[in-house]
Amino acid sequence: MVRSSFDAFAKPIDSVRERSVSGGFITLLASATAAILLISQLYVYLQVQTRHSMHLAHSVPSILFSNNGGKSSAADARKLLGNGHYHIPLKLHVTFPHLSCSQLDYAHDGNDSSSGKFEHYHSKPYTFTKRVPTNEEYKKAVGSSVSSVTRDNIEKRRSGCTVAGTIHIPRVGGTLSVSVSPDAWRRATSVLAFGMDLLGGKKDDVDPFHGKLPNVTHYVHHISFGNGFPPGTNPLQDAHHVMDNGSGVALANVAVKLVPTTYKRTFHSERETFQASVSRHIVEPATLAAQRSMLLPGLMITYDFTPLAVRHVEKRENLFVFLSSLVGIVGGVFVTVGLVSGCLVNSAQAVAKKMD
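Note that the coordinates shown come from a computational prediction; the quantities given were computed from them, not determined experimentally.

Caption draft 1: Spotlight on a nonpolar patch on the surface. On the surface, Met54, Leu56 and Leu308 cluster together into a nonpolar patch covering about 340 Å² of accessible area. With respect to the helices, strands and loops of the structure, Leu56 is situated in strand S1 (residues 49-56).

Caption draft 2: Molecular detail of the packing of aromatic side chains. Overall, the coordinates contain 7 aromatic pairs when judged by the stated rule. Centroid distance Phe225 to Tyr303: 5.2 Å. Interplanar angle 50 degrees. Geometry classified as tilted. Residue Phe225 is located in strand S8 (residues 218-225), and its partner Tyr303 is located in strand S13 (residues 298-305); the two are separated by 78 residues in the primary sequence. Each member of the pair, Phe225 together with Tyr303, is buried. Members of the aromatic cluster, joined through ring pairs, are Phe225, Phe274, Tyr303 and Phe305.

Caption draft 3: Examining the pattern of salt bridges more closely. Considering all chains together, one arrives at 4 salt bridges under this definition. The partner of Asp304 in a salt bridge is Lys257, with the nearest N and O atoms 3.6 Å apart. Placement of the pair is Asp304 in strand S13 and Lys257 in strand S11 (residues 251-264), with a sequence separation of 47 residues. By relative accessible area, Asp304 is classed as partly exposed at 32%. The residue Arg311 makes a salt bridge to Glu270 at a minimum N-O spacing of 2.5 Å. Of this pair, Arg311 sits in strand S14 (residues 308-315) while Glu270 is found in the loop between S11 and strand S12 (271-283), placing the two residues 41 residues apart along the sequence. According to the relative accessible area criterion, Arg311 is partly exposed, its value standing at 28%. According to the relative accessible area criterion, Glu270 is partly exposed, its value standing at 41%.

Reading the values: rules and limits
- Residue numbering note: each chain is counted from 1, following its sequence as written.
- Restriction of local features to residues with pLDDT of at least 70 applies here, the model being predicted, together with a cutoff of 80 or more for giving and counting side-chain atom pairs; totals for whole chains, interfaces and linings are based on all residues.
- To get the side-chain values, take all heavy atoms of the structure and skip hydrogens and water.
- Think of a patch as exposed residues, more than 30% relative accessible area, with no salt bridge, where like charges cluster within 9 Å and nonpolar side chains (Val, Leu, Ile, Met, Phe, Trp, Tyr) cluster within 5 Å.
- Working definition of accessibility: Shrake-Rupley area with a 1.4 Å probe, residue cover restricted to the visible protein chains.
- Whenever a carboxyl oxygen of Asp or Glu lies within 4 Å of a side-chain nitrogen of Lys or Arg, that contact is scored as a salt bridge.
- Numbering goes from the N terminus for both helices and strands, where a helix is a DSSP run of H or I of at least four residues and a strand is a run of E of at least two.
- In this scheme Phe, Tyr and Trp rings, the latter by its six-membered ring, pair at centre separations within 6.5 Å, and the angle between planes marks the pair as stacked below 30 degrees, edge-to-face above 60, and tilted otherwise.
- Think of it in three bands: with a 1.4 Å probe and only protein chains considered, a residue is buried below 20% of the maximum accessible area for its type, exposed above 50%, and partly exposed in between.

See below:
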């Protein structure tokens, strides 16, 4: 038996093949239809499918519950924070345009810089630093277009302070504050209450606030916890807290709820990120006095981690599914158009024979 008898694609003789205008129109129609379907299928393939799921977040130990009888030390903290799974970087960049660096203090979980406890747990290079704000930082903090570098502008800028840096924090709730230093606050209230500095300051710095309460208006350039979630925005960026109550004394209380989020993109490795839900309000000095609060005016951030984590996956359709659909579309279009055209031609021929 000859192999050619199994050929399902019998070729017509070249002399019998005939090209017609209707055949060319049908071919162009089939090609255009196949091209449109091809583009649409390619567009669907390039679209990213997003899937969300929730699960319990990983439990993280704290140095407060170590095995040394509850006596935590800087060595314990550094050992625990050395594990990347148990800690995240906290980045801070904030400017106080009306307070000098000597009048500012910052603290994390009650460990303040003025007592040296902050540096005990957060040593270099992962710590905060205080410096004179740059011209751009000062412009944002005061909310004006200071373009000329005059002596008056330079003196005003030098009276401000920028606190910036990165520390590593455990993945448990905590507080971070940037406020008037306890010594500066005591001296300011002493001058207002008694008309003189009873704490015996230096001769050239008897009244750092010139008979007024410190103005703690500040500008938050950037605060972030861990890696940011790429599709989202950072609500702790470019925030201006203006204390316009007349005295300039208030506490900007910012509550942050951090949602651990695993972010996965096509052809990329997974990233551990954090989404932040932020609520903020200004606590007036009368409220602080009524509650007999020990908090000092400035900025206080209270953060906590949710027990639920989110998994965000962006993926495309399987490549083999796309290729099989592509082949099916191209082949199906030509077969369908060929069948329809064949039916039309045969119908026309049958009608013509009957008319004859």
